[in-house]
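Listed here are the chains, written in short residue letters.
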Amino acid sequence: MSARAAVARPTIGQRAGASLRRRLTTTPGRMRLAIAAIVVGLLLVALVGTVTYRARQRATNEVGQQAEPLLVGAEVMYSSLADADATATNTFLQAGLEPPARRQAYLNDLATAANQLASVSRQAGSNQEAAAALNVINADLPTYSGLVETARADNRLGLPIGAAYLSDSSTLMQTKILPAVKQVYQVEAERLDNAYGSGDSALDVAGVVVVGALALGVLILSQLFVTRRTNRVFNPALVAATLVTLGLMLWTITAFAASASRLQAARHRGSDPVQLLSTTGILVSRQQSDESLNLVARGSTDQYQDDFDAVSAALAPRSGAPGLLAQVEKAAPATDFDGLYASYLKAHQVVLTADDNGQFTAAVAAATGTASGDELPAAAALSGAVGGAISQAQSAFTTKAAAARHDLSLLGYAVIGLAVIAAALAITGLEQRINEYR
């Protein structure tokens with residue numbers, strides 16, 4: 001009998017489990033269970049809200065303070081090098097001592113490119129593609145400037161060999177240095193696109209909605225349970241906890257939506273136009289180099305004029321199809337880029353006609369002169385308009401990106417603080433009812 005009694009006797013764990021089940025069948029026990037569920041739900045709200053907030057914060061910081069500035073740095077480097085090459089080839093057309101202003105413009109472009117190269121190299125991080133491209137630029141840029149200086153010295157002495165050095169320098173710029181800069185640009189453009197995507201992720205909002213709805217559901221069910229058991233319509237503390245949780249959800253969703261909207265505005269009004277405008281300016285500089293090299297070649301090759309025509313087709317196709325300038329007009333409608341480019345092409349046609357007719361001196365004068373109708377003023381007007389539009393777009397980006405960061409500035413504190421307040425209110429409200437059963 002003693003053995004059977006020993007077998008039938010419940011263990012400590014069984015007794016504890018039975019006691020817990022009995023307690024949970026009572027109203028105070030179920031209220032304590034509700035407290036636990038509410039606390040868990042609000043902890044999830046705080047956890048998911050904090051994780052998603054930090055992800056959004058990283059994305060907005062990446063856009064405004066890292067990826068986009070590096071992208072602009074790569075664009076400035078590309079534009080400066082393209083301008084430097086255009087200036088060097090144009091200046092070479094003038095035998096003897098070159099104009100000091102043109103020489104200084106070339107040196108300024110190289111200095112700007114070197115400064116941007118140093119800045120981008122420091123901030124580009126560990127991306128292998130960017131590192132390899134930066135190594136190419138660092139290695140070849142001194143070679144390029146050396147070739148230009150050799151061509152310049154020979155040109156001042158009237159030696160025709162200078163044309164070969166100039167052609168080699170421009171070939172090095174166009175086939176190695178600028179493609180390497182473009183590679184850096186593409187890496188940073190991809191990084192910026194990823195940051196924009198993270199800053200506008202629908203998964204973040206969905207996560208906040210799901211856990212917030214669960215927490216609200218538990219709070220509402222607890223309120224209904226208390227109402228049925230105590231015959232009181234409202235539990236003020238539980239109602240307050242529900243409102244605080246709802247407010248936290250709305251604040252988080254609104255902040256996410258506002259920040260994402262500002263980032264999209266920064267993209268459409270800032271970084272996208274900057275990329276379009278920079279590409280336009282770079283292509284115009286390339287055309288200037290093509291024309292100067294074509295004159296230097298004295299008709300020995302068609303490759304430079306062919307490239308000039310290819311760039312024209314990309315900027316403003318004669319077929320009527322929308323080209324790059326049409327996109328630029330939409331991004332910066334306040335400026336007549338089509339008209340400025342038409343003036344540039346008109347000046348170019350004067351140079352081309354004179355060269356085709358064997359009037360080399362007149363062609364060089366039209367290409368290097370500063371009078372109205374000459375090519376340099378037309379190119380400067382177009383480049384100036386592009387630069388002004390870039391500055392406006394960059395300013396718009398800076399404003400919108402800063403606003404996107406501001407929209408999230410207090411949310412990190414609010415998520416944790418309001419979740420704690422809601423939990424404290426819910427516990428207080430339920431504990432008051434539990435105490436009534438003692």
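Residues numbered from 1 in each chain as written. Predicted model: local features only at pLDDT ≥ 70, side-chain atom pairs only at ≥ 80, totals over all residues. Heavy atoms only, no water.

### Examining the overall build of the protein
Within the protein one finds 14 helices and zero strands. Along its sequence from the N terminus, the protein presents helices and strands in the succession α-α-α-α-α-α-α-α-α-α-α-α-α-α. Summarising its shape, the C-alpha atoms of the protein cover approximately 125 × 50 × 35 Å along the three principal directions. Across the 438 residues in the protein, those meeting the buried criterion constitute 44%. Taking as baseline every contact in the protein between residues at least 6 positions apart, the subset at least 24 positions apart corresponds to 81%. Positive and negative charge centroids in the protein, built from 34 and 34 side chains respectively, lie 30 Å apart. (Helix = DSSP H or I, 4+ residues; strand = E, 2+ residues; numbered from the N terminus. Buried < 20%, exposed > 50% of the residue type's maximum accessible area, 1.4 Å probe, protein only. Contact = heavy atoms within 4.5 Å. Lys, Arg positive; Asp, Glu negative; His and termini not counted. Charge placed at Lys NZ, Arg CZ, Asp CG, Glu CD.)

### Topic: the environment of Thr280
As for its position among the elements, Thr280 is in helix α8 (residues 236-297). Excluding residues that lie within four positions of it along the chain, Thr280 makes contacts with Leu315, Leu324, Leu325, Val328 and Val386.

### Description of the packing of α8 against helix α11 (residues 337-356)
Look at α8 against α11: their axes get within 11 Å of each other, and the N-to-C directions meet at 10 degrees. Between α8 and α11, the angle falls in the class roughly parallel. Here Leu277, Val284, Gln287, Gln288, Glu291, Asn294 and Leu295 of α8 lie close against α11, whose contacting residues are Phe337, Tyr341, Tyr344, His348, Val351 and Asp355. The residue inventory of the contact of α8 with α11, partitioned by class, reads seven nonpolar, four polar and two charged. (Axes fitted to C-alpha atoms, helices over the stretch in contact; angles between N-to-C directions. Parallel < 35°, antiparallel > 145°, perpendicular 65-115°, else oblique. Nonpolar A, V, L, I, M, F, W, Y, C, P; charged D, E, K, R; others polar.)

### Some remarks on the packing of helix α3 (residues 27-92) against helix α5 (residues 128-156)
Direction vectors running N to C along α3 and α5 enclose 15 degrees, while the axes themselves pass 10 Å from each other. As judged from the angle between their axes, α3 and α5 are roughly parallel. The handedness of the crossing between α3 and α5 comes out as left-handed. Only Leu141, Tyr144, Val148, Ala151 and Asn155 of α5 make contact with α3, whose side of the interface consists of Leu81, Ala84, Asp85, Ala88 and Phe92. (Left-handed = near helix turned anticlockwise from the far one by under 90°.)

### Section: a nonpolar patch on the surface
Residues Val40, Leu44, Leu47 and Val51 make up a contiguous nonpolar surface patch of about 340 Å² in total accessible area. By the element assignment, Val51 lies in helix α3. Given the relative accessible area of 49%, Val51 is considered partly exposed. (Patch = residues over 30% accessible without salt bridge, like charges linked within 9 Å, V, L, I, M, F, W, Y side chains within 5 Å. Areas by Shrake-Rupley, 256 points an atom, 1.4 Å probe, with all protein chains shown as cover. Salt bridge = Lys/Arg side-chain N within 4 Å of Asp/Glu carboxyl O.)

### Side note on the side chain of Glu75
The topology assignment puts Glu75 in helix α3. Of the side chains bearing the opposite charge, Arg267 lies closest to the buried Glu75, which forms no salt bridge; the N-O distance is 12 Å. For Glu75, the contacting residues outside a window of four places in its chain are Tyr185, Val274, Gln275 and Ser278.

### A look at empty space enclosed by the protein
Within this structure, the stated rule accounts for four cavities of 30 Å³ or more. Volume-wise, the largest cavity comes out at about 150 Å³. Forming the boundary of the largest cavity are 15 residues, of which Ala88, Thr91, Phe92, Glu98 and Arg152 lie nearest the centre. Contributions of two or more residues to the lining of the largest cavity are made by α3, α4 (100-123) and α5. Tallying contributions element by element places α5 first for the lining of the largest cavity, with five residues. Across the lining of the largest cavity, the residue classes break down as six nonpolar, four polar and five charged. (1 Å grid on protein atoms, 1.4 Å probe; cavity = no way out; pocket = protein on both sides within 12 Å on 5 of 7 lines; lining within 4 Å. Points joined across faces, edges and corners; volume = space filled by probe spheres on them.)

### What to know about the pattern of salt bridges
In total, this model carries nine salt bridges according to the counting rule given. Of the charged contacts in the structure, one is a salt bridge between Asp407 and Arg262, with a shortest N-O distance of 3.1 Å. Placement of the pair is Asp407 in helix α13 (residues 375-407) and Arg262 in helix α8, with a sequence separation of 145 residues. Residue class for Asp407 comes out buried when judged on its relative accessible area of 17%. When the shortest N-O distance is used, the salt bridge between Asp307 and Arg286 registers 2.6 Å. Here the residue Asp307 occupies a position in helix α9 (residues 303-315), and Arg286 occupies one in helix α8, the gap between them amounting to 21 residues. Several salt bridges converge on common partners, so that one network encompasses Glu62, Glu188 and Arg191.

### A word on the packing of aromatic side chains
Scanning the entire structure with this criterion turns up two aromatic pairs. Centre to centre, the rings of Phe308 and Tyr344 are 6.4 Å apart; their planes meet at 25 degrees, and the pair counts as stacked. One end of the pair, Phe308, is in helix α9; the other, Tyr344, is in helix α11, with 36 residues separating them in the sequence. An aromatic cluster of three or more residues is present, and its members are Phe308, Tyr341 and Tyr344. One Lys or Arg, Arg56, reaches over the ring of Phe256 and ends 4.6 Å from the middle of that ring. (Phe/Tyr/Trp six-rings, centres within 6.5 Å; stacked < 30°, edge-to-face > 60°. Lys NZ or Arg CZ within 6 Å of the ring centre and 35° of its normal.)

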